[in-house]
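The chain contents come next:
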Amino acid sequence: MASIINVNRLKDTQPLEMGQILNIPSASSPQQVLSLFPSGRWKYIIVHHSATQEGSSLQFHRHHQEKGWDSVGYHFVIDNGKSGKPDGFIEITPRWLKQQHGAHCKASDMNTVGIGICLVGNFNEREVSPAQMNALVYLVNELRRYYKIPKNNILGHRHVPGSKTDCPGNRFPWDKFKRQIQ
Ligand SMILES: [Zn+2]
């Protein structure tokens, strides 16, 4: 900790800001770690697109706070390489780490039982990148195995009864995605 404080010229009483970049001496490159928590709450997985060209967990967090929500509404964000994180990088949001209900899908009360995953991009306009799709398949398979979520409970936002949206976009390859869910 002393070397991190030193290298970043921090005062040891100074709180860190969300999104602040810290240099960590002799760190290895970032590795994807998926945190899983025992819970009986999660019965569905809901897939979204951001409907934006770019974005990240932190950008959505700020945007969602402007809407008056307490934090980013999704549990996971899968980046598309346009906002400083690699294409296909899985960001785990504070909402997941705190195991809080979602703020991504009001329809059918999915916010209370559904894990919300958002892929950055507008899939009415463009294709899901191969790296994003691989990341989504990996993430959904891991979550589904751990929480024993039936395949039929993995839904696009638009498939949720009562929703009025085309999310995750008309070009999202839903059948191809579902074939890779094991
Ligand atoms: Zn959505």
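Structural data are supplied above this passage.
What counts as what
- The residue numbers shown here count from 1 along each chain, following its written sequence.
- Under the rules for a predicted model, residues below a pLDDT of 70 receive no local features and side-chain atom pairs below 80 are neither given nor counted, while totals for whole chains, interfaces and linings still include all residues.
- For the side-chain quantities, the full set of heavy atoms in the structure was used; hydrogens and water were omitted.
- Here a helix means four or more residues in a row that DSSP labels H or I, a strand means two or more in a row labelled E, and each is numbered from the N terminus.
- By salt bridge we mean one thing: a side-chain nitrogen of Lys or Arg within 4 Å of a carboxyl oxygen of Asp or Glu.
- Burial classes: relative accessible area under 20% of the type maximum marks a residue as buried, over 50% as exposed, and values in between as partly exposed (1.4 Å probe, protein chains only).
- To estimate the expected span of a helix, count its residues, drop one, and scale the result by 1.5 Å.
- The criterion is simple. A nonpolar core is a set of buried Ala, Val, Leu, Ile, Met, Phe, Trp, Tyr and Cys residues joined through side-chain atoms within 4.5 Å.
- Only heavy atoms enter the contact rule, under which two residues are in contact if any of them lie within 4.5 Å.
- With water excluded from the atoms, a metal site may look incomplete; its donors are any N, O or S atoms within 2.8 Å, or within 3.2 Å for Na, K and Ca.
- We call two strands paired when DSSP finds no fewer than two bridges between them.
- Fitting a line to C-alpha atoms yields each axis, with helices limited to the stretch in contact; the angle taken between N-to-C directions then spans 0 to 180 degrees.

(A) Spotlight on unusual backbone geometry. In this structure, Pro 168 follows Cys 167 across a cis peptide bond, with omega equal to 5°. Within the secondary structure layout, Pro 168 lies in the loop between strand S5 (154-156) and helix H6 (174-179). In this model, Arg 9 sits at a positive phi of 50°, which is unusual for a non-glycine residue. Of note, Ala 51 is a non-glycine position whose phi angle comes to about 60°, a positive value. When you line up the elements, Ala 51 lands in the loop between strand S1 (44-49) and helix H2 (57-66).

(B) Spatial organisation of the pattern of salt bridges. Applying the stated criterion across every chain, the model contains four salt bridges. Of the charged contacts, one joins Glu 91 and Lys 85 as a salt bridge, the two residues approaching to 3.1 Å between their closest N and O atoms. Ionic pairing is found between Arg 171 and Glu 127, a salt bridge with its closest N-O pair at 2.7 Å. Residue Arg 171 is located in the loop between S5 and H6, and its partner Glu 127 is located in the loop between strand S4 (114-119) and helix H5 (130-147); the two are separated by 44 residues in the primary sequence. The exposure class assigned to Glu 127 is partly exposed, which follows from its relative accessible area of 48%.

(C) Looking closely at H5. For H5, with 18 residues, the first-to-last C-alpha span of 26 Å sits near the 26 Å given by 1.5 Å per residue. Of the residues one or two after H5, Lys 148 is the one with positive phi, at around 55°.

(D) Quick look at the nonpolar core. Judged by nonpolar contacts, the single largest core of 27 residues is most densely connected at Ile 117, Leu 136, Phe 172 and Phe 177. Mapped onto this core, the elements with two or more residues apiece are S1, strand S2 (76-80), S4, H5 and H6. Looking at this core, the element that brings in the most residues is H5, giving eight residues. Ignoring anything within four residues of it in the chain, the contact list for Leu 136 reads Val 47, Ile 78, Ile 117, Leu 119, Phe 172 and Phe 177.

(E) Region of interest: the coordination of the zinc ion. Coordination of the zinc ion by the protein is provided by His 48 (ND1), His 157 (ND1) and Cys 167 (SG), with metal-donor distances spanning 2.1 to 2.3 Å. Motif for the zinc ion, donor spacing along one chain: H-x108-H-x9-C. Note that His 48 is positioned in strand S1 and His 157 in the loop between S5 and H6, a separation of 109 residues in sequence. Across this residue pair, the class does not change: His 48 and His 157 are buried.

(F) Here's a closer look at the environment of Ile 92. Positionally, Ile 92 belongs in strand S3 (residues 87-92). Residue classification places Ile 92 among the partly exposed residues on the basis of a relative accessible area of 22%. Placed 35 residues apart in sequence, Ile 92 and Ser 57 show a C-alpha to C-alpha distance of 8.0 Å.

(G) Quick look at the sheet that holds S5. Strand order in the open sheet made by the five strands is S3-S2-S4-S1-S5, with mixed pairing throughout. Looking along the sheet, the strands with just one partner apiece sit at the ends: S3 and S5. For this sheet, the mean angle separating the axes of adjacent strands, direction not counted, is 20°. In this structure, S2 lies alongside S4, joined through three bridges in parallel fashion. The partner of Ile 78 across the bridge, within S4, is Leu 119.

Scope: geometric values only; no functional claims are made or implied.
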